[in-house]
Amino acid sequence: MFEQSVIAENTFLKHICALREDARNCIGAAGSLELCRGDEETAIDLLQTVLAAEIVCVLRYTMISISPDGLKSPWIANEFQAQANDERSHMKMAAARIEQLGGIPNFNPDSLAQRSAGLGNNDGSFAKRVADNLAAERCVIEHYRDLIGYFSATDPETCSMLREIVRDEEDHNSDMEDLLVSYAG
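Small disclaimer: the values here were computed from a predicted structure and weren't measured.

1. As for the overall build of the chain
Thought 1: Secondary structure assignment for the chain yields nine helices and zero strands.
Thought 2: Its helices and strands taken in sequence order, the chain reads α-α-α-α-α-α-α-α-α from the N to the C terminus.
Thought 3: Across the 185 residues that make up the chain, the buried fraction comes to 50%.
Thought 4: Of the accessible surface of the chain, which amounts to about 8,900 Å², a share of 52% is contributed by carbon and sulfur atoms.

2. Remarks on the pattern of salt bridges
Oppositely charged side chains can form a pair if their charged atoms are brought close together.
Thought 1: Evaluated as defined, the whole model comprises six salt bridges.
Thought 2: Between Glu-157 and Arg-97 there is a salt bridge; the shortest N-O distance is 3.5 Å. In this pair, Glu-157 is assigned in helix α9 (residues 156-184) and Arg-97 in helix α6 (residues 74-100), connecting sequence segments 60 residues apart.
Thought 3: Judged by its relative accessible area of 9%, Arg-97 is buried.
Thought 4: Put simply, Arg-97, Asp-155 and Glu-157 are held in one network by salt bridges that share partners.

3. Let's talk about the packing of aromatic side chains
Thought 1: Counted by the stated rule, this structure contains three aromatic pairs.
Thought 2: Seen from their ring centres, Phe-80 and Phe-126 are 6.3 Å apart, and the 85° between their planes marks the pair as edge-to-face. Linking Phe-80 in helix α6 with Phe-126 in helix α8 (residues 126-151), this pair joins segments that are 46 residues apart in sequence.
Thought 3: By relative accessible area, which is 0% here, Phe-80 ends up buried.
Thought 4: Note on Phe-126: relative accessible area 4%, which makes it buried.
Thought 5: One aromatic cluster in this structure is built from Tyr-61, Phe-80 and Phe-126.

4. Focus: the nonpolar core
Thought 1: In terms of nonpolar packing, the biggest core is built from 29 residues, with Val-50, Leu-51, Tyr-144, Leu-147, Phe-151 and Leu-162 touching the most fellow members.
Thought 2: In terms of residue count, helix α4 (residues 40-65) provides more of this core than any other element does, ten residues in total.
Thought 3: Residues within four places of Tyr-144 in sequence aside, it is in contact with Val-50, Ala-53, Glu-54, Leu-162, Ile-165, Val-166 and Glu-169.
Thought 4: If you look at the next biggest cluster of nonpolar residues, it comprises twelve residues, including Tyr-61, Ala-84, Leu-134 and Leu-179.

5. Some details on α6
Thought 1: With 27 residues, α6 should cover 39 Å at 1.5 Å per step; its first-to-last C-alpha distance of 39 Å lies within 8% of that length.
Thought 2: Phi turns positive one or two residues past the end of α6, at Gly-102, with a value near 95°.

6. Some points on the packing of α4 against α8
Thought 1: Orientation of α4 relative to α8, taken along the N-to-C sense of each, is 160°, at an axis distance of 12 Å. Judged by the angle between their axes, α4 and α8 are roughly antiparallel. Between α4 and α8 the crossing geometry is left-handed. Contact residues: α4 offers Thr-42, Ala-43, Leu-46, Thr-49, Val-50, Ala-53, Glu-54, Arg-60, Tyr-61 and Ile-64, while α8 offers Phe-126, Asp-132, Asn-133, Glu-137, His-143, Tyr-144, Leu-147, Tyr-150 and Phe-151.
Thought 2: Residues of the contact of α4 with α8, tallied by class, amount to eleven nonpolar, four polar and four charged.

7. Considering the confidence of the model for the chain
Thought 1: Chain-level statistics for the chain give a pLDDT mean of 81 and a share of 72% at 70 or above.
Thought 2: In the model of the chain, helix α3 (residues 33-36) stands out as the element of lowest mean pLDDT, 39, in contrast to α6, which has the highest, 95.

8. Observations concerning the environment of Gln-48
Thought 1: Topologically, Gln-48 is positioned in helix α4.
Thought 2: Sequence-wise, Gln-48 and Pro-105 are 57 residues apart; in three dimensions their C-alpha atoms are separated by 6.7 Å.

9. Overview of the packing of α4 against α6
Thought 1: At their nearest, the axes of α4 and α6 sit 8 Å apart, and the two run at 160° to each other. One element, α4, and the other, α6, form an angle in the roughly antiparallel class. Between α4 and α6 lies a crossing whose hand is left-handed.
Thought 2: When its residues are assigned to classes, the contact of α4 with α6 shows 17 nonpolar, six polar and four charged.

Rules behind the numbers
Residues numbered from 1 in each chain as written. Predicted model: local features only at pLDDT ≥ 70, side-chain atom pairs only at ≥ 80, totals over all residues. Heavy atoms only, no water. Helix = DSSP H or I, 4+ residues; strand = E, 2+ residues; numbered from the N terminus. Buried < 20%, exposed > 50% of the residue type's maximum accessible area, 1.4 Å probe, protein only. Areas by Shrake-Rupley, 256 points an atom, 1.4 Å probe, with all protein chains shown as cover. Salt bridge = Lys/Arg side-chain N within 4 Å of Asp/Glu carboxyl O. Phe/Tyr/Trp six-rings, centres within 6.5 Å; stacked < 30°, edge-to-face > 60°. Core = buried A, V, L, I, M, F, W, Y, C linked by side-chain atoms within 4.5 Å. Contact = heavy atoms within 4.5 Å. Expected span 1.5 Å × (residues − 1). Axes fitted to C-alpha atoms, helices over the stretch in contact; angles between N-to-C directions. Parallel < 35°, antiparallel > 145°, perpendicular 65-115°, else oblique. Left-handed = near helix turned anticlockwise from the far one by under 90°. Nonpolar A, V, L, I, M, F, W, Y, C, P; charged D, E, K, R; others polar. pLDDT = per-residue confidence, 0-100.

Laid out in structure tokens, this is it:
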């Protein structure tokens, strides 16, 4: 996991870690996998955490793409807008799956901060903001892997969707690592 000092300094990461803990509690409260088969309510609640995380990532990456750094550098703007577009696709996938399971995707902005990683702010250097996003991206990947483990025996369709999202998130992780190296160099 991440060092406590890193989490304390990164509001986005702190909220992602809290989101992940809430999802783990939801999984634990649902009981064993055998008891959870067909438990659409639990699945919908867990997928709402995915939806919230993806909505926030769309907003954060779009914010960076139009930040002063993004406006100065078309490469930065394009990279983060491409990531925002990927996150938007993930958001739509999660919303569609929630609907397939009989739920209503929660796009309510009033409760978004409680359900997700929060938007954070635009304070700090560009490298710090990217590093904060990188740390949160890693936590999201861990969260989604937890969910894959949960859904693997009960819901292959959701499991497959999450695996596809994790592949993209791992690419984003790699892109941000490369960006930090090139920005520092």
